[in-house]
Amino acid sequence: MGLIATAGSGGKEFKPVPQGVHVGRCYRVIDLGTQTSEWQGKARKARKVMLTWELFGEDEDGVPLQMDDGRPLAITKRYTLSLSEKSSLRADLEAWRGRAFTEDELVGFDLKHLLGVYAMINVTHSTKGDKTYSNVAGLSPIPKPMREHRPAPVNENQFFDVTEPDKALFETFSDSLKATIQNCEEWKKASDVAKSSRGSSMEEMESDIPF
């Protein structure tokens with residue numbers, strides 16, 4: 001099943017991504033389920049999704065955009081799963097693809113189509129206390145002259161749908177990402193159903209025991 005956006009609808013420490021515009025490739029589309037947050041004193045529920053891009057090239061000092069183990073640096077952005085007119089997801093996807101969505105596309109766009117797609121990613125920094133955070137400030141298509149010389153993929157594509165969870169993939173996530181997903185409404189409901197089923201099975205088994 002795809003992850004459809006519509007118009008109506010303790011991890012490891014990583015190096016901060018340098019500011020600037022970098023070539024990236026989307027390799028992760030992770031459904032975070034329906035999350036509850038607070039806004040102006042009121043609880044709000046919204047379906048969330050996380051996109052992650054692996055980055056290529058070097059920073060201004062010629063240092064490769066790589067982690068200590070040689071893998072590409074990566075950057076993530078979380079969105080509300082909506083293509084409404086004012087949504088951040090719609091704004092970023094339209095900038096990334098270089099054109100607006102058609103009315104037919106707004107009926108439902110499967111985010112799985114983003115896997116493996118390259119982009120130019122504008123990265124900015126923000127600070128909170130003594131920590132520096134890298135933010136996806138903007139997306140755009142890679143220029144035509146670069147398309148024939150795109151960097152080779154490094155990370156395998158990952159797609160996670162909380163309504164049909166890939167448990168093996170889930171176990172590879174960081175503890176903080178696991179906790180976020182486990183806190184969503186869909187995961188909790190599935191867990192409740194599983195517990196109920198196990199309870200019923202046990203009761204049926206006990207009724208068959210003669211003593």
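First things first, this report covers the structure right here in the doc.

### What about helix α5 (residues 175-182)?
Note that an α-helix has 3.6 residues per turn; residues three or four places apart therefore point the same way.
Phase 1 of the analysis: All of the buried residues along α5 are Leu 177, Lys 178, Thr 180 and Ile 181. Angular distribution of buried residues about the axis of α5 spans 160°; they occupy a single face of the element.

### Points about the pattern of salt bridges
Phase 1 of the analysis: Counting across every chain of the model gives nine salt bridges.
Phase 2 of the analysis: The residue Arg 25 makes a salt bridge to Glu 54 at a minimum N-O spacing of 2.7 Å. Taken together, the residues Arg 25 in strand β2 (residues 20-39) and Glu 54 in strand β3 (residues 42-56) connect sequence positions 29 residues apart.
Phase 3 of the analysis: Put simply, Asp 92 and Lys 77 hold a salt bridge, and the shortest N to O gap is 2.9 Å. Taken together, the residues Asp 92 in helix α1 (residues 88-97) and Lys 77 in strand β4 (residues 74-80) connect sequence positions 15 residues apart. The two residues Asp 92 and Lys 77 agree in class, both being buried.
Phase 4 of the analysis: Each of Arg 97, Arg 99 and Glu 105 takes part in a single network of salt bridges with overlapping partners.

### Re the pairing of strand β6 (residues 118-128)
Phase 1 of the analysis: Two elements, β2 and β6, share six bridges in a ladder whose sense is antiparallel. Of the residues in β6, the one forming a bridge with Gly 24 is Ala 119.
Phase 2 of the analysis: Between the end of β6 and the start of strand β7 (residues 131-140), which pair antiparallel, lie two residues, with Gly 129 showing a positive phi angle near 65°.

### As for the pairing of β4
Phase 1 of the analysis: Across the two faces of β4 the burial differs, with Ile 75, Lys 77 and Tyr 79 buried and Ala 74, Thr 76, Arg 78 and Thr 80 not buried at all.
Phase 2 of the analysis: Pairing of β3 with β4 involves seven bridges; the strand directions are antiparallel. The residue of β4 that forms the bridge with Glu 54 is Ala 74.

### Focus on α1
Phase 1 of the analysis: Three or more residues of α1 are buried, namely Leu 89, Arg 90, Asp 92, Leu 93, Glu 94 and Trp 96.
Phase 2 of the analysis: Directly after α1, the chain includes Gly 98, whose backbone phi takes a positive value near 85°.

### Here's the deal with the environment of Ala 137
Phase 1 of the analysis: Counting through the fold element by element, Ala 137 comes out in strand β7.
Phase 2 of the analysis: For Ala 137, a relative accessible area of 44% puts it in the partly exposed group.
Phase 3 of the analysis: Considering only alpha carbons, one finds Ala 137 and Gln 19, 118 residues apart in sequence, at a separation of 10.0 Å.
Phase 4 of the analysis: Setting aside residues no more than four positions away along its own chain, Ala 137 makes contact with Asn 122 and Thr 124.

### Some thoughts on the nonpolar core
Phase 1 of the analysis: Grouped together as the largest cluster of nonpolar side chains are 31 residues, with contacts concentrated most on Val 29, Trp 53, Leu 93, Leu 111, Leu 114 and Ile 121.
Phase 2 of the analysis: Broken down by secondary-structure element, the contributors of at least two residues to this core are β2, β3, β4, α1, β6 and β7.
Phase 3 of the analysis: Apart from the residues within four sequence positions on either side, Leu 93 is in contact with Leu 83, Phe 101, Phe 109, Leu 111 and Leu 114.
Phase 4 of the analysis: One finds Ile 30, Leu 32, Leu 177 and Trp 187 within the second-largest nonpolar core, a separate group that totals 12 residues.

### Focus: the packing of aromatic side chains
Phase 1 of the analysis: Summed over the entire model, instances satisfying the criterion amount to seven aromatic pairs.
Phase 2 of the analysis: Note on Phe 170 and Trp 187: the rings are 4.7 Å apart at their centroids and 25° apart in plane angle, and the pair reads as stacked. Placement of the pair is Phe 170 in helix α4 (residues 167-170) and Trp 187 in helix α6 (residues 185-207), with a sequence separation of 17 residues.
Phase 3 of the analysis: The buried category is assigned to Trp 187, whose relative accessible area is 14%.
Phase 4 of the analysis: The structure contains a cluster of three or more aromatic residues connected by ring pairs, namely Phe 160, Phe 170, Phe 173 and Trp 187.

Cut-offs and rules
- Residues numbered from 1 in each chain as written.
- Predicted model: local features only at pLDDT ≥ 70, side-chain atom pairs only at ≥ 80, totals over all residues.
- Heavy atoms only, no water.
- Buried < 20%, exposed > 50% of the residue type's maximum accessible area, 1.4 Å probe, protein only.
- Helix = DSSP H or I, 4+ residues; strand = E, 2+ residues; numbered from the N terminus.
- Arc of directions from axis to C-beta.
- Salt bridge = Lys/Arg side-chain N within 4 Å of Asp/Glu carboxyl O.
- Pairing = 2+ DSSP bridges.
- Contact = heavy atoms within 4.5 Å.
- Core = buried A, V, L, I, M, F, W, Y, C linked by side-chain atoms within 4.5 Å.
- Phe/Tyr/Trp six-rings, centres within 6.5 Å; stacked < 30°, edge-to-face > 60°.

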